[in-house]
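A look at the structure
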Amino acid sequence: MTVTYSSKVANATFFGFHRLLLRWRGSIYKLLYREFLFFALLYSILSLVYRWVLTDPQRRLFEKLSIYCDRYAEQIPVTFVLGFYVTLVVNRWWNQFQNLPWPDRLMFLISSCVQGQDEQGRLLRRTLMRYVNLTSLLIFRSVSTAVCKRFPTIDHVVEAGFMTPEEKKIFENLKSPHLKYWIPTVWFTNLASKARKDGRIQDSVDLQTILTEMNRFRTWCSTLFGYDWVGIPLVYTQVVTLAVYTFFSASIIGRQFLDPAQGYPGHDLDLYVPVFTLLQFFFYSGWLKVAEQLINPFGEDDDDFEANWCIDRNLQVSLMAVDEMHMNIPRMTKDVYWNDPDVRPPYTRAAADYCIPSFLGSTTDMGLSEILQNEDTDIQNAWRQGSVLGRMRRLLSVQEPPELQFRPSFKRHSSDISSFFPFIPDHRIHPGHAESMADQPRVYFSPHPHPVLDTLSTLKEVNSTPSSPDTSVRSASHNSIPAAMLSESNPHLDNCDSSVAQEVSLETAVPLASQEPLPEQEQAQQGPSLF
């Protein structure tokens, strides 16, 4: 009974929905025409009484009543209440459709995993699928009025072939006050376990997969039963219905056209047909009718689910899949694209416009010059942003966050390539090495770090004159600085390669502190630069 119109709206055209407005089956006209005619009749009768039956004092009293009803009827939240209710009903309706029991997955597994082309194997597969369809039938009988009319008793189920007389006796002898749709499920699981013991199901993994799918099928059935058992709260349905009916009951009086001679606000015209009031009734009452039709999709309305068709389809398809199609495989032949790497199925002339090239990504149309230009722009923006942020932090005396603090670099004057040996204060130089370091090349602190922070390069020697004879102590017994001192002065050297650390000698570059270093406060104010 489902009304299908998908082919009519496959393409968006000018006034594409106008053809749907002229359909009767499943339309709003078919649902609402009785209520619409009743409302129009009551409005017309009251209008005639006001115009031709009432006296002038009675008309004045009726006019006051009409203005009062029109003013306070708008305070009823019809749109708010009705909108939430219809949304809830539509979601519930769609969830019930998604939980309709379909045996397709089970029939695929049974046809492939339950072996045996003899009569016993055929009987086993057909019996398993019959139990599956019997489970769904018992659920549909309990929730659908159309199916219940078709199978009112268990005798009709037996007559239709879903249950044998022996199974009926067992079914009726099991006394339970609850719905017994789960009994065929137990028969299915026991029979599948017996088939595993007999070797019909050759692997326990196949048995587990079949039982898992059967549990999913049972979950679908129990979900439908739950939707039928627990519906939308009755109080919500009553509130929505009273809100709509009360609003239009007041509108019959409040939307009457009053005498223009009395000068009431908003009553300048005297018409006989309340066009917009009728449209409002059509939309709001139609909205309520949609909820009324979808709240139980297992009835006999035009848009209710075809439960009887589902039963017929599932039984016929599932038995065919496990019986006639079991191991009935077509002979394998070479396809038409054999040894053809460029596989392109043909198009008809009517579908030639749908042959389009493959999509390779949105960046395929970008040129190399555009990419490089964007990269240069990003670098410049990052440099500017970093410079401004660094200056603002120094101005406000804010410490750099850990992720923005670069390790300071140290370089010698007149060096071709900068190095990163730290400045060693005088008090940290071992007394035994002071004489050997007095006349060695000197390395000065640089507040501008090198772009590459994790590399060490060899420095060229630069001779300098000691600033004081007290600090110019020479010693020929020491040829290099101990590695422990370098590691203490610069903890980052611990992570460097040993081969790189060995290049630090007196003959290449030795960090000295013969000159007076910058004050600690000045170093702290300068801080490491971002660039």
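Parameters at a glance
- Residues numbered from 1 in each chain as written.
- Predicted model: local features only at pLDDT ≥ 70, side-chain atom pairs only at ≥ 80, totals over all residues.
- Heavy atoms only, no water.
- Helix = DSSP H or I, 4+ residues; strand = E, 2+ residues; numbered from the N terminus.
- Buried < 20%, exposed > 50% of the residue type's maximum accessible area, 1.4 Å probe, protein only.
- Contact = heavy atoms within 4.5 Å.
- Areas by Shrake-Rupley, 256 points an atom, 1.4 Å probe, with all protein chains shown as cover.
- Axes fitted to C-alpha atoms, helices over the stretch in contact; angles between N-to-C directions.
- Parallel < 35°, antiparallel > 145°, perpendicular 65-115°, else oblique.
- Left-handed = near helix turned anticlockwise from the far one by under 90°.
- Nonpolar A, V, L, I, M, F, W, Y, C, P; charged D, E, K, R; others polar.
- Core = buried A, V, L, I, M, F, W, Y, C linked by side-chain atoms within 4.5 Å.
- UniProt positions renumbered as here; feature names shortened; annotations may be inferred.
- Arc of directions from axis to C-beta.
- Polar contact = N/O pair within 3.5 Å; in protein donor to acceptor, adjacent residues only side chain to side chain.
- Patch = residues over 30% accessible without salt bridge, like charges linked within 9 Å, V, L, I, M, F, W, Y side chains within 5 Å.
- Salt bridge = Lys/Arg side-chain N within 4 Å of Asp/Glu carboxyl O.
- Expected span 1.5 Å × (residues − 1).
- Phe/Tyr/Trp six-rings, centres within 6.5 Å; stacked < 30°, edge-to-face > 60°.
- Lys NZ or Arg CZ within 6 Å of the ring centre and 35° of its normal.

**Overview of the overall build of the protein**
A count of helical and extended segments in the protein gives 17 helices and 2 strands. Going through the 531 residues of the protein one by one, you find that 34% of them count as buried. Considering only contacts in the protein between residues 6 or more positions apart, those separated by 24 or more positions represent 76%. Surface accessibility of the protein: about 34,300 Å² in total, with carbon and sulfur atoms responsible for 59%.

**A word on the packing of helix 3 (residues 78-98) against helix 12 (residues 275-294)**
Closest axis-to-axis distance for the helix 3/helix 12 pair is 9 Å, and the angle between their directions is 25°. Overall, the two elements helix 3 and helix 12 adopt an arrangement that is roughly parallel. Crossing handedness for the pair helix 3 and helix 12: left-handed. Where helix 3 approaches helix 12, its residues Val78, Thr79, Leu82, Gly83, Tyr85, Val86, Val89, Val90 and Trp93 are matched on the opposing element by Tyr284, Trp287, Leu288, Ala291 and Leu294. A breakdown of the residues in the contact of helix 3 with helix 12 according to their chemical character gives 12 nonpolar, 2 polar and no charged.

**Structural notes on the nonpolar core**
Phe140, Phe188 and Ile210 are the most contacted members of the largest nonpolar core, which totals 46 residues. Listed by contribution, the elements that provide at least two residues to this core are helix 4 (104-113), helix 5 (119-143), helix 7 (154-159), helix 9 (183-197), helix 10 (204-229) and helix 13 (307-322). Of all the elements, helix 5 adds the most residues to this core, at 11 residues. With residues up to four places along the chain from it excluded, the contact list for Phe188 reads Leu106, Ile110, Leu128, Tyr131, Val132, Ile210 and Met214. Judged by nonpolar contacts, the second largest core, of 21 residues, contains Val86, Val244, Ile252 and Leu278.

**Quick look at the UniProt feature "transmembrane region" (unreviewed entry) in the protein**
Sequence positions flagged by UniProt for "transmembrane region" (unreviewed entry) are, in local numbering, residues 36-54, 75-94 and 229-248. Across residues 75-94, helical content stands at 85% and strand content at 0%; the span's end C-alpha atoms are separated by 32 Å.

**Quick notes on helix 8 (residues 165-173)**
Buried residues of helix 8: Glu167, Lys168 and Phe171, and no others. Projected down its long axis, helix 8 carries its buried residues within an arc of 105°, all on one side. Turned more than 90 degrees away from the buried face of helix 8, the exposed residues are Pro165, Glu166, Lys169 and Asn173.

**Thoughts on the side chain of Arg130**
With respect to the helices, strands and loops of the structure, Arg130 is situated in helix 5. Look at Arg130 and you get buried, because its relative accessible area is 15%. A distance of 3.3 Å separates a polar atom in the side chain of Arg130 from the backbone oxygen of Phe162. Not counting the four nearest positions on each side in its chain, Arg130 is found in contact with Gly161, Phe162, Met163, Thr164 and Glu167.

**A word on a nonpolar patch on the surface**
Together, Leu21, Leu22, Trp24, Tyr29, Tyr33 and Leu37 make up an exposed nonpolar region whose accessible area comes to about 670 Å². Within the fold, Trp24 resides in the segment before helix 1 (28-53). A relative accessible area of 47% means that Trp24 is categorised as partly exposed.

**Observations concerning the pattern of salt bridges**
On inspection of all chains with the given rule, the structure shows 20 salt bridges. A salt bridge links Lys30 to Asp302; the nearest nitrogen and oxygen atoms lie 3.0 Å apart. A residue pair is termed long-range when its members are at least 10 positions apart, and Lys30 in helix 1 and Asp302 in the loop between helix 12 and helix 13 qualify at 272 residues. Classification of Asp302 as buried rests on a relative accessible area of 16%. Residue Glu213 pairs with Arg216 through a salt bridge whose shortest N-O separation is 3.9 Å. Within this pair, Glu213 and its partner Arg216 are both found in helix 10, separated by 3 residues, close to a single helical turn. You can call Glu213 buried: its relative accessible area is 10%. One salt-bridge network, held together by shared partners, links Glu35, Lys289 and Glu292.

**Let's talk about unusual backbone geometry**
For Met327, which is not a glycine, the phi torsion comes out positive at approximately 55°. The class for Met327 is partly exposed, based on a relative accessible area of 38%.

**A look at helix 12**
Helix length check: helix 12 (20 residues) gives 29 Å between terminal C-alpha atoms against 28 Å at 1.5 Å per residue, within 8%. Where helix 12 is concerned, the buried positions are Thr277, Leu278, Gln280, Phe281, Tyr284, Ser285, Gly286, Leu288, Lys289, Ala291, Gln293 and Leu294. Next to the buried residues of helix 12 lie helix 1, helix 3 and helix 11 (234-254).

**Focus on the packing of aromatic side chains**
Any pair of aromatic rings gets described here by the distance separating the centres and the angle formed by the planes. Taken as a whole and assessed by the stated rule, the structure comprises 25 aromatic pairs. On the numbers, 5.2 Å between centres and 75° between planes, the contact of Tyr85 with Tyr236 is edge-to-face. Here Tyr85, found in helix 3, pairs with Tyr236, found in helix 11; they are 151 residues apart in sequence, far enough to count as distant. A cation sits over an aromatic face here: Lys180 above Phe171, 4.6 Å from the ring centre.

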